[in-house]
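For reference, the chains in residue letters:
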Amino acid sequence: MERFVLDTSVFTNPNIFAQFGETSQAAIGAFVALARQVKAQFYMPTSVYEELGKVKDLATVAADFESVVRIRSPRKFKLMIPGEILYEFIEEVRTRIDRGLRIAEELTKEASQSGGVETPDMGQLINRLRGRYREALRQGILDSKEDVDVLLLAYELDATLASADEGMRKWADKVGIQIVSPRHLKRVLVHLEAHGNLDSIED
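What counts, and where the lines are drawn
- Residues numbered from 1 in each chain as written.
- Predicted model: local features only at pLDDT ≥ 70, side-chain atom pairs only at ≥ 80, totals over all residues.
- Heavy atoms only, no water.
- Buried < 20%, exposed > 50% of the residue type's maximum accessible area, 1.4 Å probe, protein only.
- Helix = DSSP H or I, 4+ residues; strand = E, 2+ residues; numbered from the N terminus.
- Pairing = 2+ DSSP bridges.
- Salt bridge = Lys/Arg side-chain N within 4 Å of Asp/Glu carboxyl O.
- Contact = heavy atoms within 4.5 Å.
- Axes fitted to C-alpha atoms, helices over the stretch in contact; angles between N-to-C directions.
- Core = buried A, V, L, I, M, F, W, Y, C linked by side-chain atoms within 4.5 Å.

Draft legend 1. Examining the pairing of strand E2 (residues 40-44) more closely. Here E2 lies mainly inside the structure; five of its five residues are buried. Both faces of E2 are covered, namely the face carrying Ala40, Phe42 and Met44 and the face carrying Gln41 and Tyr43. Here strand E1 (residues 2-6) runs beside E2; their pairing, made up of four bridges, is parallel. Directly across from valine 5, in E2, lies its bridge partner tyrosine 43. Bridge count for E2 against strand E3 (residues 69-71) is three bridges, and the pairing is parallel. Paired with tyrosine 43 across the bridge in E3 is arginine 70.

Draft legend 2. The pattern of salt bridges, seen in detail. Throughout the structure, instances matching the rule amount to four salt bridges. Among the ionic pairs, arginine 72 bridges to glutamate 156, the shortest N-O distance being 2.6 Å. Taken together, the residues arginine 72 in the loop between E3 and helix H6 (83-112) and glutamate 156 in helix H8 (residues 145-157) connect sequence positions 84 residues apart. With a relative accessible area of 19%, arginine 72 lands in the buried category. Residue classification places glutamate 156 among the partly exposed positions, given a relative accessible area of 22%. Here lysine 76 makes a salt bridge to aspartate 149, at a shortest N to O gap of 3.7 Å.

Draft legend 3. Expanded view of the sheet that holds E2. With parallel pairing, the five strands of this open sheet are ordered in space as E3-E2-E1-E4-E5. In this open sheet, the two strands that pair with only one neighbour each are E3 and strand E5 (179-180). Note that strand E4 (residues 160-162) and E5 share two bridges and pair parallel. Bridge pairing links leucine 161 to isoleucine 179 in E5. Relative to E2, helix H4 (residues 46-55) is tilted by about 70°, and along the sheet it contacts E1, E2 and E3.

Draft legend 4. The arrangement of the nonpolar core in detail. The biggest cluster of nonpolar side chains holds 46 residues, and the ones touching the most others in it are Phe4, Leu6, Phe11, Phe31, Phe42, Met44 and Phe65. Of the residues forming this core, the biggest block, six residues, is contributed by helix H3 (residues 24-35). Ignoring anything within four residues of it in the chain, the contact list for methionine 44 reads Leu6, Asp7, Phe11, Tyr49, Leu52, Phe65, Val69, Arg70, Ile71, Arg72 and Leu153.

The structure is reproduced here in C-alpha cells:
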C-alpha cells in the first residue's frame, strides 16, 4: 500500500490547495473525500499538524482530517541515518554562514559610505540585507524541527513525501525518499484510485 507524508504546504499554499478547493477548509474536505477512496495511508507529524492548526482554522474539518491522516511523530530514537548525511548537512550550514557573513560585510561597507546617516536609502539597505541574508541561510535547507520531523517520518515509513519546501525535497532526495510534487497530488491520488498503484502515471 502506498504511503504519503504530508507537509503543511499542501493545505496552506494557495497555488497548491487550489487543486482541491478555493479555501483551505474546502481543500481539506475535498482531499479527505478523495483520500477515503484511495488505497493508501496518509501521515503528518504531530508538530506539523500543530503548526497547521496555528495558521488555519481546522475546527470544522479536524475530525474528518484525522480520520484519514494519521498524526504521529517519527521514532527519533530508533532511526538510523547515514553519517555522511550529517557531514553534508554540517558542511552546507558552514558554507551558508560564510555566505551570510560576506553579504553582511558587503552591505555594511555600502552603509558606511553613507556616513551612518539614517536615510530612506538606509531602510532599503536593511531590507536588502534581511532578504539576502534569509535567502543565503534558509532557502533550500532544513531550518525547523517540523522540517526534520517530516523528513524523518517519510524516511522511517519509506513513504512518498508531498511538500513544496525546497529544503525538504532536496534532503529527501539525498536520503532516497520518494517525492511527489504537491501541485500534482490530486492527479496522483486520482490515478492511484483508478489503477491501485503509481506505475505508468503520465507526466
